[in-house]
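Here's the letter readout for the chains.
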Amino acid sequence: MKEREHNYDLLRVISAFAVIFGHVSALFIETFLWDLHDGLPANHPLFSTVYTAIPRFSVPVFLMLSGAFVLASSRTEDAASFYRHSLKHIGIPAAAAILFGFGYSLFTGLVLDHTGVMPAVQALIAGAPFYHLWYLPVMLGTYLLAPWIRRFKQEVTPEVFRNVSVGMLVLGCLALWLNPPVTSHWNIGEAFCYTGFFMIGDVLREDAADKHSGGWLYILAALILHIISGVLLYRALLAGMDRTLAEHRWVMSYAPLTAAASVLMFAGFARLKKAPDTGKLAANSYYVYLVHAFILDVIVRISRSLMGQRWLTHLDARAAIPLLSLLVYLLCLGAASVLRKPKHRS
């Protein structure tokens, strides 16, 4: 039996926590912009922007992890079998999350926020019934393409596959970065642009198979790039740039600094041959991703109802963001363990 690669399990766990960390940080940035507009003292906004930039490797890394193992498996060549397996383990939970997100948005819109039905319907049509679920159409699109990518890999030399993967990554990121932000995530074109990450994960895993050093240098370089992008985001927001445009320019998954940092992060962990056994935590990562934004939203709503609109995000951002992220992650682990139990009984 092949020995489990604990370095990838660890990266999967860190990426799941990083997603939460980024979304918690975004709440503090939102309050910082409100305070800036109202002329109030800022709550360590540079920390908030750097904090939200550092974990942006998470979504590209999730795609690279999927590609690293899906494209390495000969079972992926049988499209029908691969789709059946993916439907059970990936597709059904994704569909459930999309339906739940739509229902949650309907409930909050009708009962709590009094915004009506249309915002929830429009978000569903756009492919993001809740803000973090935009990733699911992209991920599902890459999985649809996986058997054909695997067959292409088998038909060409490793060098050709590497070059095509790099080209897909660069061109896909540039296509997303140089155009306005995507408004419909059901568009298969967005998934196609992200396919480069999916493919490069396989390339990097194979490249690191016989390499046992340098991992921490890659990870350090990735963190430096993320910090630079966070500072650039901070300066853009201070200069008055629209937040959506500022994030699109500097910290989204396809932005040059973020894309480069994500590749370096994956390459670094691929070279870490000694890592703790985090397999049990890693097994929950997909479900942690699916539920985390809902849990965070409930916490924020309770806080705002009891303590005021900005109380939570006026806590010292330097400590509050990590601590709140840890709380959400632990709650997500509990929820994930419950959601995964029926699968193990079947």
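Residue positions are counted from 1 within each chain, in the order its sequence is given. A pLDDT threshold of at least 70 governs which residues receive local features in this predicted model, and a stricter bar of 80 or more applies before side-chain atom pairs are shown or counted, although totals over entire chains, interfaces and linings include all residues. The basis for the side-chain values is all heavy atoms of the structure; hydrogens and waters are excluded.

> Go over the overall build of the protein with me, naming the residues and quoting the values.
Only DSSP runs of H or I covering at least 4 residues are called helices, and only runs of E covering at least 2 are called strands; the numbering of each starts at the N terminus. What the protein contains, in helices and strands, is 14 helices and zero strands. Written out in order from the N terminus, the α and β elements of the protein read α-α-α-α-α-α-α-α-α-α-α-α-α-α. In this treatment the radius of gyration is a C-alpha quantity, and the globule benchmark scales as 2.2 Å times the residue count to the 0.38 power. For the protein, whose C-alpha radius of gyration is 20 Å, the value lies close to the compact-globule estimate of 20 Å for 346 residues. Think of it in three bands: with a 1.4 Å probe and only protein chains considered, a residue is buried below 20% of the maximum accessible area for its type, exposed above 50%, and partly exposed in between. Counting over 346 residues, the protein shows a buried share of 50%.

> Which residues make up helix H7 (residues 158-177), and what values do they have?
Spacing of three or four residues puts side chains on the same side of an α-helix, whose turn is 3.6 residues. In this model H7 runs 28 Å from its N-terminal to its C-terminal C-alpha over 20 residues, within 8% of the 28 Å that 1.5 Å per residue would give. When we look at burial in H7, the residues that qualify are Phe-161, Ser-165, Met-168, Leu-169, Gly-172, Cys-173, Leu-176 and Trp-177. The buried residues of H7 occupy an angular sector of 140° when projected down its axis, which confines them to one face. Facing away from the buried side of H7 by over 90 degrees, the exposed positions are Glu-159 and Leu-171. In what follows, residue pairs with any heavy atoms lying within 4.5 Å of each other are defined as contacts. The inward-facing, buried residues of H7 abut helix H6 (135-155), helix H8 (188-207), helix H10 (243-250) and helix H11 (256-270). Multiplying 1.5 Å by the residue count of a helix minus one yields the expected span of that helix. The directions from the helix axis to the C-beta atoms form the arc being described.

> So what's going on with empty space enclosed by the protein? Which residues, and what values?
A cavity here means a set of points on a 1 Å grid, drawn over the protein atoms and nothing else, where a 1.4 Å probe fits but cannot get out; a pocket is an open set with protein on both sides within 12 Å along at least five of seven lines, and a residue lines either one if it has an atom within 4 Å of a point. Grid points are joined across faces, edges and corners, and a volume is the space filled by probe spheres set on the points. Tallied over the entire structure, the rule returns one cavity of 30 Å³ or more. Looking at the largest cavity, its volume works out to about 40 Å³. In this structure, the largest cavity is lined by Leu-27, Val-300, Ser-303, Arg-304, Gln-309, Leu-312 and Thr-313. Per-element tally for the lining of the largest cavity: the top contributor is helix H13 (residues 285-307), with three residues. Any residue outside Ala, Val, Leu, Ile, Met, Phe, Trp, Tyr, Cys, Pro, Asp, Glu, Lys and Arg is labelled polar, Gly included; the first ten of those are nonpolar and the last four are charged. Grouping the amino acids of the lining of the largest cavity by side-chain chemistry returns three nonpolar, three polar and one charged.

> Run through the packing of helix H4 (residues 79-112) against H13, naming residues and quoting values.
Packed helices, taken two at a time, are described by their axes: the angle between them and the distance between them. A fitted line through C-alpha atoms serves as each axis, taken over the contacting stretch for helices, and the angle formed by two N-to-C directions is quoted from 0 to 180°. One can describe the packing of H4 onto H13 by two numbers: an axis separation of 9 Å at closest approach and a directional angle of 15°. As summarised for this structure, H4 and H13 are arranged roughly parallel, according to the angle between their axes. Regarding H4 and H13, the two cross each other, and that crossing is left-handed. Side by side, H4 and H13 meet where His-89, Ile-90, Pro-93, Ala-94, Ala-97, Phe-100, Gly-101, Tyr-104, Thr-108 and Leu-112 of the first sit next to Tyr-286, Tyr-287, Leu-290, Phe-294, Asp-297, Val-298 and Arg-301 of the second. Of the residues contributing to the contact of H4 with H13, the split by class is twelve nonpolar, three polar and two charged. Working definition: roughly parallel below 35 degrees, roughly antiparallel above 145 degrees, roughly perpendicular at 65 to 115 degrees, and oblique for all remaining angles. Less than a right angle of anticlockwise turn of the near helix away from the far helix marks a crossing as left-handed, whereas a clockwise turn marks it as right-handed.

> Account for a nonpolar patch on the surface, with residues named and values stated.
Only residues whose relative accessible area exceeds 30% and that form no salt bridge enter a patch; like-charged residues are grouped when within 9 Å of one another, and nonpolar side chains (Val, Leu, Ile, Met, Phe, Trp, Tyr) when within 5 Å. The Shrake-Rupley method, run with a 1.4 Å probe, gives the accessible areas here. Residue values count only the displayed protein chains as cover. Note on definitions: salt bridges are taken to be side-chain nitrogens of Lys or Arg within 4 Å of carboxyl oxygens of Asp or Glu. A contiguous nonpolar surface patch, about 570 Å² in accessible area, is contributed by Val-298, Ile-302, Leu-306, Met-307, Trp-311 and Leu-315. Turning to its location among the elements, Met-307 is positioned in helix H13.

> Describe the nonpolar core, naming the residues involved and giving the relevant values.
Definition of nonpolar core: a set of buried residues of the types Ala, Val, Leu, Ile, Met, Phe, Trp, Tyr and Cys, connected through side-chain atoms within 4.5 Å. If you look at the biggest cluster of nonpolar residues, it comprises 92 residues, and the most contacted ones within it are Tyr-135 and Leu-136. Look past the residues within four positions of Tyr-135 in its chain and what remains in contact with it is Val-59, Phe-62, Leu-63 and Tyr-289. If you look at the next biggest cluster of nonpolar residues, it comprises eight residues, including Ala-53, Ala-236, Leu-237 and Val-251.

> Account for the side chain of Asp-297, with residues named and values stated.
With respect to the element layout, Asp-297 can be found in helix H13. Polar contact criterion, stated in full: a pair of N or O atoms within 3.5 Å, where within protein one must be able to donate a hydrogen and the other to accept it, and residues adjacent in sequence count only if both atoms are side-chain atoms. Among the polar contacts listed, one links the side chain of Asp-297 to the side chain of Arg-301, at a separation of 2.7 Å. If we ignore the near neighbours within four places in the chain, the residues touching Asp-297 are Tyr-104 and Phe-130.

> So what about the pattern of salt bridges? Which residues, and what values?
Counted according to the given criterion, the structure contains 18 salt bridges. Among the ionic pairs, Arg-301 bridges to Asp-113, the shortest N-O distance being 2.9 Å. Within this pair, whereas Arg-301 is found in helix H13, its partner Asp-113 is found in the loop between H4 and helix H5 (118-125), the two being separated by 188 residues in sequence. Taking relative accessible area as the criterion, Asp-113 reaches 36% and is therefore assigned partly exposed. Put simply, Asp-202 and Lys-153 hold a salt bridge, and the shortest N to O gap is 2.9 Å. Of this pair, Asp-202 sits in helix H8 while Lys-153 sits in helix H6, and the two are 49 residues apart along the sequence. A relative accessible area of 13% places Lys-153 in the buried class. Residues joined by salt bridges that share partners form a network here, namely Arg-162, Asp-207, Asp-210, Lys-211 and Arg-271.

> Lay out the state of the cysteines in plain terms, naming residues and giving numbers.
Pairs of cysteine sulfur atoms within 2.5 Å are what we label disulfides. Counted under the stated rule, the structure contains zero disulfides. Of the cysteine sulfurs around Cys-173, a residue in no disulfide, the closest is that of Cys-193, at 8.5 Å.

> Hey, could you go over H10 for me, with residue numbers and the actual values?
Restricting attention to buried positions, one finds in H10 the residues Ala-246, Glu-247 and His-248. Those residues of H10 that are buried lie in contact with H7 and helix H9 (215-238).

> Give a description of the packing of aromatic side chains that names residues and reports values.
The pairing test for Phe, Tyr and Trp rings, Trp by its six-membered ring, is centres within 6.5 Å, and the orientation test on the planes gives stacked under 30 degrees, edge-to-face over 60, and tilted for anything in between. In this structure the tally under the stated criterion is 23 aromatic pairs. Residues Tyr-104 and Phe-130 carry aromatic rings whose centres are separated by 5.4 Å and whose planes lie at 85° to one another, so their mutual orientation is edge-to-face. In this pair, Tyr-104 is assigned in helix H4 and Phe-130 in the loop between H5 and H6, connecting sequence segments 26 residues apart. Here the two residues Tyr-104 and Phe-130 agree in accessibility, since each one is buried. Taken together, a centroid distance of 6.0 Å and an interplanar angle of 45° make the contact between Trp-134 and Tyr-194 tilted.

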